[in-house]
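Topology and contacts: notes
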Amino acid sequence: MKEKIRNHIDILFENAPKTKKADELKEQLYASSAEKYDNLTTDGIEPEEAYINVINSLGDVHKQFAGLEDNVPNYA
(Lines give C-alpha, C1' and ligand atoms only; values in the text may rest on other atoms or scores of the structure.)
Protein backbone atom coordinates (compact mmCIF):
# COMPACT_ATOMS: atom_id res chain seq x y z
CA MET A 1 0.00 0.00 0.00
CA LYS A 2 2.93 2.35 0.61
CA GLU A 3 3.86 1.90 -3.04
CA LYS A 4 0.37 3.21 -3.93
CA ILE A 5 1.03 6.22 -1.72
CA ARG A 6 4.40 6.78 -3.43
CA ASN A 7 2.76 6.51 -6.87
CA HIS A 8 0.05 8.99 -5.91
CA ILE A 9 2.62 11.52 -4.69
CA ASP A 10 4.68 10.99 -7.85
CA ILE A 11 1.62 11.88 -9.92
CA LEU A 12 0.97 14.97 -7.80
CA PHE A 13 4.53 16.16 -8.46
CA GLU A 14 4.62 15.47 -12.21
CA ASN A 15 4.23 19.19 -12.99
CA ALA A 16 6.29 20.47 -10.08
CA PRO A 17 9.42 22.45 -10.85
CA LYS A 18 12.44 20.21 -11.33
CA THR A 19 14.40 21.59 -8.39
CA LYS A 20 16.17 20.15 -5.39
CA LYS A 21 13.70 21.88 -3.08
CA ALA A 22 10.76 20.26 -4.91
CA ASP A 23 12.41 16.84 -4.56
CA GLU A 24 12.95 17.46 -0.85
CA LEU A 25 9.32 18.49 -0.39
CA LYS A 26 8.17 15.39 -2.25
CA GLU A 27 10.28 13.11 -0.05
CA GLN A 28 9.10 14.85 3.13
CA LEU A 29 5.52 14.44 2.01
CA TYR A 30 6.06 10.76 1.30
CA ALA A 31 7.80 10.17 4.64
CA SER A 32 5.05 11.84 6.63
CA SER A 33 2.37 10.03 4.61
CA ALA A 34 4.01 6.65 5.14
CA GLU A 35 4.31 7.35 8.86
CA LYS A 36 0.66 8.36 9.05
CA TYR A 37 -0.31 5.18 7.17
CA ASP A 38 1.73 3.06 9.60
CA ASN A 39 0.13 4.77 12.59
CA LEU A 40 -3.37 4.23 11.24
CA THR A 41 -2.84 0.55 10.46
CA THR A 42 -1.16 0.02 13.84
CA ASP A 43 -4.29 1.51 15.41
CA GLY A 44 -6.37 -1.15 13.65
CA ILE A 45 -7.57 0.78 10.59
CA GLU A 46 -7.90 -1.44 7.52
CA PRO A 47 -5.13 -0.83 4.93
CA GLU A 48 -7.45 0.49 2.22
CA GLU A 49 -9.19 2.85 4.63
CA ALA A 50 -5.82 4.05 5.95
CA TYR A 51 -4.65 4.66 2.36
CA ILE A 52 -7.76 6.71 1.57
CA ASN A 53 -7.32 8.69 4.79
CA VAL A 54 -3.69 9.48 3.93
CA ILE A 55 -4.47 10.50 0.34
CA ASN A 56 -7.36 12.71 1.44
CA SER A 57 -5.13 14.43 3.99
CA LEU A 58 -2.59 15.54 1.38
CA GLY A 59 -4.66 18.47 0.19
CA ASP A 60 -3.66 20.61 -2.78
CA VAL A 61 0.12 20.48 -3.04
CA HIS A 62 0.07 22.47 -6.28
CA LYS A 63 -0.23 25.69 -4.29
CA GLN A 64 3.24 25.03 -2.90
CA PHE A 65 4.87 24.73 -6.33
CA ALA A 66 5.10 28.50 -6.87
CA GLY A 67 7.59 28.77 -4.03
CA LEU A 68 9.75 26.06 -5.54
CA GLU A 69 10.41 27.66 -8.93
CA ASP A 70 13.16 30.06 -7.86
CA ASN A 71 15.53 27.35 -6.71
CA VAL A 72 18.50 25.77 -8.42
CA PRO A 73 17.37 23.13 -10.92
CA ASN A 74 18.03 19.50 -10.17
CA TYR A 75 19.17 18.78 -13.68
CA ALA A 76 21.82 21.20 -14.85
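Attention in this report is confined to the structure presented alongside it. (Residues numbered from 1 in each chain as written. Predicted model: local features only at pLDDT ≥ 70, side-chain atom pairs only at ≥ 80, totals over all residues. Heavy atoms only, no water.)

1. Side note on helix 2 (residues 20–42)
We apply this condition: Strands are runs of DSSP state E lasting at least two residues, helices are runs of H or I lasting at least four, and both sets are numbered from the N terminus onward. Here the expected span of a helix is defined as 1.5 Å times the quantity of residues minus one. Using a 1.4 Å probe on the protein chains alone, a residue whose accessible area is under 20% of its type maximum counts as buried, one over 50% counts as exposed, and one in between counts as partly exposed. Residue contacts are counted whenever heavy atoms from the two residues lie within 4.5 Å of one another.
Between the first and last C-alpha of helix 2 there are 33 Å, a value that for 23 residues agrees with the 33 Å anticipated at 1.5 Å per step. Listed in full, the buried residues belonging to helix 2 are A22, L25, K26, L29, Y30, S33, A34, Y37 and L40. If you follow the buried residues of helix 2, they end up packed against helix 1 (2–12) and helix 3 (47–57). Of the residues one or two after helix 2, G44 is the one with positive phi, at around 100°.

2. Concerning the nonpolar core
Proteins that are soluble and globular tend to have nonpolar side chains buried together. To be explicit about the condition: In these notes, a set of buried Ala, Val, Leu, Ile, Met, Phe, Trp, Tyr and Cys residues joined through side-chain atoms within 4.5 Å is what counts as a nonpolar core.
Core analysis: the biggest nonpolar cluster contains 18 residues, and I5, I9, F13, L29, Y37, L58 and V61 have the highest contact counts within it. Mapped onto this core, the elements with two or more residues apiece are helix 1, helix 2 and helix 3. Here this core takes six residues from helix 2, the largest share from any one element. Beyond its immediate chain neighbours, meaning those up to four positions away, V61 contacts L12, F13 and L29.

3. So, the pattern of salt bridges
The condition that has to hold: Here a salt bridge means any side-chain nitrogen of Lys or Arg lying within 4 Å of a carboxyl oxygen belonging to Asp or Glu.
In this structure the tally under the stated criterion is four salt bridges. Measuring nitrogen to oxygen at the nearest pair gives 3.7 Å for the salt bridge that ties K4 to E48. Taken together, the positions of K4 in helix 1 and E48 in helix 3 put the pair 44 residues apart, joining distant regions of the chain. On the basis of relative accessibility, which here comes to 36%, the residue K4 falls in the partly exposed class.

4. Some thoughts on helix 3
Condition: The directions from the helix axis to the C-beta atoms form the arc being described.
Among all positions in helix 3, only A50, Y51, V54 and I55 are buried. Taken end-on, helix 3 shows its buried residues confined to a sector of 130°, consistent with a single buried face. Where helix 3 is buried, its residues meet helix 1 and helix 2. Looking one or two places after helix 3, you find G59, whose phi comes out positive at around 70°.

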